Protein chains: 2
Amino acid sequence: MEAVNVGIVGLGNVGSGTLTILAENASRIALKLGFPLSVKAVCSRGVANREIPSSLGAVLKTADWREVVSHPEVDIVAELVGGTTTAAEIIDAAIAHKKSVVTANKELMALSGCEIWERAISAGINLAMEASVAGGIPIHSVLREGISGDRVVALYGILNGTSNYILTEMERRGDSLGTVLAEAQRLGYAEADPSADIDGFDARAKLAILAALAFGEKITPADIFVEGIRRISPMDFQYAHQLGHTIRLICGARQTAEGLILSVRPALIPSSTILASVKGAYNAVWVKGAYGEDSFYYGRGAGARPTGVAVVSDLMRVAREIRSGSPERVSPFAHPRLGEYKPLAVTEQRRAYYLRFRVEDRPGIIAALAGILAEKHISLEAVLQEPCETKNDLPFVITVETTSEWAIREAVKTMSELDFLLEPPLALPMELPL
Amino acid sequence: MEAVNVGIVGLGNVGSGTLTILAENASRIALKLGFPLSVKAVCSRGVANREIPSSLGAVLKTADWREVVSHPEVDIVAELVGGTTTAAEIIDAAIAHKKSVVTANKELMALSGCEIWERAISAGINLAMEASVAGGIPIHSVLREGISGDRVVALYGILNGTSNYILTEMERRGDSLGTVLAEAQRLGYAEADPSADIDGFDARAKLAILAALAFGEKITPADIFVEGIRRISPMDFQYAHQLGHTIRLICGARQTAEGLILSVRPALIPSSTILASVKGAYNAVWVKGAYGEDSFYYGRGAGARPTGVAVVSDLMRVAREIRSGSPERVSPFAHPRLGEYKPLAVTEQRRAYYLRFRVEDRPGIIAALAGILAEKHISLEAVLQEPCETKNDLPFVITVETTSEWAIREAVKTMSELDFLLEPPLALPMELPL
């Protein structure tokens, strides 16, 4: 049976993985689809020196993406260049040429997924973006198909492999963030500028996409509160363990009676919850549905081949839809305009909190801090202190009962003016058993 | 836009959950699909006294499934009666009437899925069976769509919630299987005849379906080695913990250089592996792909609403395909006729093993057992013994290095003749870090 033809723009990490799988796994793909997927064109800057697997047959090699997008035989364009500038042009041009599009681009889809999807529907083509979030976890497939009959009420994710690697290594070895980060950079696991990973921006773009899929709203990164992991230290793991918890960079989207709360921030989670078992560079997503209760998805967050599987699986899905003449009809971002998902500021959330202090020891410290908490109507739960030899840099932890983030921020602000504090208190929410 | 119409046969646990979701979640379903799903007919024996949610509008209530299957307005028949007799008739009749079919029937699909799928393709209708395995985990969607570009090399599952509940309660409380089972029966978690659950037959049917989907072969329950959990005792958990492991009823399907090994059996798994965190009545599936590496899926194994989500999500998928005129074209059971998946007897598998003995203490026991192992060319790894007061029923454990199951069975057979043994040795494979 006649092939569906693919053009690949971008032969970096993900593009190379995609090409390898399309070449090596071609006969299985053809058996599953009932027809072959054929690569007709590839584009990258250094394409001239690029070895293309000979089993793929004649493939146009070009450094100009316009030649792929306008190629008369190409049915699907895989946009694998990333970023929000050229990638947007490539996708727009592909849609204008009535080509279907598969993309691995989280920044662009987080920022403009809603509009791109609308253009795809108007043009009568197909669009897929499984690889844009958590490469090795088919979470788009799960949310769009697998549990589409459910109503999602909460979604929690660990969506940045680098920060999860750093946190779990700090936890395992007791080393500081700086030490683990430097090592990760040396090994190539972390970028020279680590901000996107450790300040939570990468995770935030991914949460914007997943929350949009789960709740059917237009959610962009700017709608999401973000706090990175820079202030987490090994002693925080010691205290968290005392409390039966661990610390992860948690991407959370949950419906409350008052609205939808979205955040990316380090949080304490119970050690017994399955999210706590996510270690190293893995990603995971935990979903709570009104009917299906809790389900959990786990896999590689990145990597040429895991992300390549997501791209190839999308190519197969789109090829099937092209073959059956079934273009996109409903945007995944637009479903429940039911008015249920009014966004709510994170300051309105109610949680128990972990407050960690570093102080110069002197009498009256607990009294002063407890006084401020009482003033803000926050109930103190426990005071924890690990044995410590120095008096001039003494860490300890206060946990408080469920209260509003608003009250905690007010308390932290007032506390920060106390002269015995060496730095402002670190406040982390304690997430409920997931 | 015009609705796609559904007829439901069977209003037990799963049917009730399905009906509730279709009624309560109707507006969200319509927004996601772009058209409504409408229930036109329901069938069950006691249907006369059955309250149907009024929001569903006019619904034919009948005790005769033939009226649903032949109903001129019904587009999709949901077969939710279970078993292999009437259910097979219902599905056959639906296909004969050119109705698409959604089924939650594991026994039937495990036994005849391959043939039913072929008939569906010939008839040009759609078929879906997400709810047949691990109701709360969209594992069909994952294997058929989400990671379809990968080549699965291994799949391990915990697929029977009742036996997992029993094992994890034994582990947590130290109670015997009999005690926990009796309690589970009292609470309605386990059947009066627990054999399907604790002897592994229910899990085997589910593995037959998942292995067929993962490897594209016709696999029936009879192809799968099965051993239940009746011989596991609290002391086995003590020894497993000493070894850094726990014990679960593991459904395994893995490709080796020599062929595909399929089994359902209690096994030791490392406590650090994510499968070990699956407790209570949850199910989980761990998949290893040649390209995507490992991914893991977890959720409720059963229950009216989680399984109802699977049925409703299937109805939505099939409705979408009906609307776009896209019948089934390729059976999920038939993809890689590439000759890679020759089944291999479980006796050919190579693993480390855990051997647990109960003996009447006397000198020379270890020498006798070690002698038999040496005779079969099996290397002893460690001897473990928990403190024990009685001399006439002394438990202990020998672990051995990687060897063939064949050799272990020979050794166990020879050992069973020794007169100091109170019962034949219990041999459990030690699964590799997953």
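Caption draft 1: Geometry of the interface of chain B and chain A. In this complex, chain B contributes 51 residues to the contact, which on the side of chain A involves 51 residues. Among the elements of the structure, helix H2 (26-33), helix H6 (139-146), strand E12 (293-300) and helix H12 (304-323) of chain B are those that each provide at least two residues to the side of chain B that touches chain A. Here the side of chain B that touches chain A is composed, by residue class, of 20 nonpolar, 19 polar and 12 charged. Sheet topology note: the strand E12 (residues 293-300) of chain A/E12 of chain B ladder contains 5 bridges and is antiparallel. Paired with Ser-295 of chain A across the strands is Gly-299 of chain B, a residue of E12 of chain B.

Caption draft 2: Spatial organisation of the relation of the copies chain B and chain A. Each copy of the sequence occupies a distinct position, and chain B is placed on chain A by a rotation of 180° and an axial shift of 0.0 Å, giving an RMSD of 0.0 Å. In short, the pair behaves as if placed about a two-fold rotation axis. Scanning chain B for the C-alpha nearest the rotation axis identifies Tyr-297 of chain B, at a separation of 2.4 Å. Taken together, the interface assignments show that 100% of the residues at the interface of chain B recur at the interface of chain A, consistent with an identical surface on both copies.

Caption draft 3: Structural context of the pairing of strand E16 (residues 394-404) of chain A. All names here are of chain A. Alignment of strand E14 (residues 350-359) against E16, held across 9 bridges, turns out to be antiparallel. Note on E16: the bridge partner recorded for Tyr-353 is Val-400. Two elements, strand E15 (residues 380-384) and E16, share 4 bridges in a ladder whose sense is antiparallel. Directly across from Leu-384, in E16, lies its bridge partner Val-397.

Caption draft 4: Up close: the packing of helix H2 (residues 26-33) of chain A against helix H12 (residues 304-323) of chain A. Residues and elements named next belong to chain A. Packing of H2 against H12 brings their axes to within 11 Å, and their N-to-C directions diverge by 40°. In this structure, H2 crosses over H12, and the sense of that crossing is right-handed. Residues Ile-29, Lys-32 and Leu-33 of H2 form the contact with H12, whose participating residues are Met-316, Ala-319 and Arg-320. Tallied by class, the residues present in the contact of H2 with H12 amount to 4 nonpolar, no polar and 2 charged.

Caption draft 5: Geometry of unusual backbone geometry. Residues and elements named next belong to chain A. With a phi close to 60°, Glu-293 is a non-glycine residue in the positive phi region. As for its placement among the helices and strands, Glu-293 is situated in strand E12. Exposure remark for Glu-293: the 18 C-beta atoms within 10 Å place this residue in the partly exposed category.

Caption draft 6: Inspection of the sheet that holds strand E6 (residues 127-128) of chain B at higher detail. All names here are of chain B. Sheet architecture is open: 6 strands sit in the order E3-E2-E1-E4-E5-E6, paired in parallel fashion. What marks the edges here is a single partner per strand, and that holds for strand E3 (60-62) and E6. Where strand E5 (residues 100-103) meets E6, 2 bridges bridge the pair, whose relative direction is parallel. Bridge pairing links Val-102 to Ala-128 in E6. Where H12 meets the sheet, it contacts strand E1 (4-9), strand E2 (37-43), strand E4 (76-79), E5 and E6, and its direction lies at approximately 165° from that of E5.

Caption draft 7: Representation of the domain arrangement of chain A. Residues and elements named next belong to chain A. Here chain A is described as being made up of domain 1 (4-135 + 304-323), domain 2 (140-300) and domain 3 (349-430). Taking only C-alpha atoms, the centre of domain 1 and the centre of domain 2 are 28 Å apart. Taken together, the contacts link 14 residues of domain 1 with 16 residues of domain 2. No other element matches helix H5 (residues 106-123), which puts 7 residues into the side of domain 1 that touches domain 2. Looking at the side of domain 1 that touches domain 2 residue by residue, the classes come out as 8 nonpolar, 3 polar and 3 charged.

Caption draft 8: Seen up close, the sheet that holds strand E2 (residues 37-43) of chain A. Residues and elements named next belong to chain A. If you trace the 6 strands from one edge of the open sheet to the other, you get E3-E2-E1-E4-E5-E6, paired in parallel fashion. Two strands close off the open sheet at either side, each with one partner strand: strand E3 (60-62) and strand E6 (127-128). Taken together, the 4 bridges between strand E4 (residues 76-79) and strand E5 (residues 100-103) define a ladder with parallel strand orientation. Counted as the bridge partner of Ile-76 is Ser-100 from E5. Helix-sheet contacts for H12 involve strand E1 (4-9), E2, E4, E5 and E6, and the interaxial angle to E5 is about 165°.

Caption draft 9: Local environment of the packing of helix H7 (residues 161-173) of chain A against helix H8 (residues 177-186) of chain A. Residues and elements named next belong to chain A. Interaxial distance between H7 and H8 falls to 9 Å at its minimum, and their mutual angle equals 130°. By the angle between their directions, the pair H7 and H8 is classed as oblique. With respect to the hand of their crossing, H7 and H8 are arranged in right-handed fashion. Contacts between H7 and H8 involve Thr-162, Tyr-165, Ile-166, Glu-169 and Met-170 from the former and Leu-177, Val-180, Leu-181 and Ala-184 from the latter.

Caption draft 10: Examining H5 of chain A more closely. All names here are of chain A. Counted at 1.5 Å a residue, the expected span for H5 with its 18 residues is 26 Å, but the 22 Å between its end C-alpha atoms falls short. Of all the bends found along H5, the most pronounced is centred on Ser-112 and spans about 85°. The complete set of buried residues in H5 reads Lys-106, Glu-107, Leu-108, Met-109, Ala-110, Gly-113, Ile-116, Trp-117 and Ala-120. Contacts made by the buried residues of H5 are with helix H4 (86-96), E5, E6 and helix H10 (201-215). Directly beyond the C-terminal end of H5, a positive phi value near 75° is found at Gly-124.

Caption draft 11: View of the nonpolar core. Counting 269 residues, the largest nonpolar core has Leu-207, Ala-211 and Leu-315 of chain A together with Leu-207, Ala-211 and Leu-315 of chain B as its most contacted members. Not counting residues up to four positions away in its chain, the partners in contact with Leu-207 of chain A are Gly-157, Leu-159, Ile-224, Cys-251, Ala-253, Leu-262 and Val-264 of chain A.

Caption draft 12: Inspection of the pairing of E14 of chain A at higher detail. For E14 of chain A and strand E17 (residues 426-430) of chain A, the ladder comprises 5 bridges, and the chain directions are antiparallel. Note on E17 of chain A: the bridge partner recorded for Tyr-354 of chain A is Leu-428 of chain A.

Caption draft 13: Representation of the environment of Ala-352 of chain A. All names here are of chain A. Topologically, Ala-352 is positioned in strand E14. Overall, the presence of 17 C-beta atoms within 10 Å leaves Ala-352 in the partly exposed class. The spacing of Ala-352 and Asn-283 is 69 residues in sequence and 25 Å in space, taken between C-alpha atoms.

Reading guide: rules and limits
Residues numbered from 1 in each chain as written. Chains lettered and ligands numbered in written order. Predicted model: local features only at pLDDT ≥ 70, side-chain atom pairs only at ≥ 80, totals over all residues. Contact = placed C-beta atoms within 7 Å. Helix = DSSP H or I, 4+ residues; strand = E, 2+ residues; numbered from the N terminus. Nonpolar A, V, L, I, M, F, W, Y, C, P; charged D, E, K, R; others polar. Pairing = 2+ DSSP bridges. Least-squares fit on C-alpha atoms with pLDDT ≥ 70 in both. Axes fitted to C-alpha atoms, helices over the stretch in contact; angles between N-to-C directions. Left-handed = near helix turned anticlockwise from the far one by under 90°. Buried ≥ 20, exposed ≤ 12 C-beta atoms within 10 Å, placed from the backbone. Domains from an automatic or database assignment. Parallel < 35°, antiparallel > 145°, perpendicular 65-115°, else oblique. Expected span 1.5 Å × (residues − 1). Bend = angle between axes of the 7 residues up to and from the residue. Core = buried A, V, L, I, M, F, W, Y, C linked by C-beta atoms within 7 Å.

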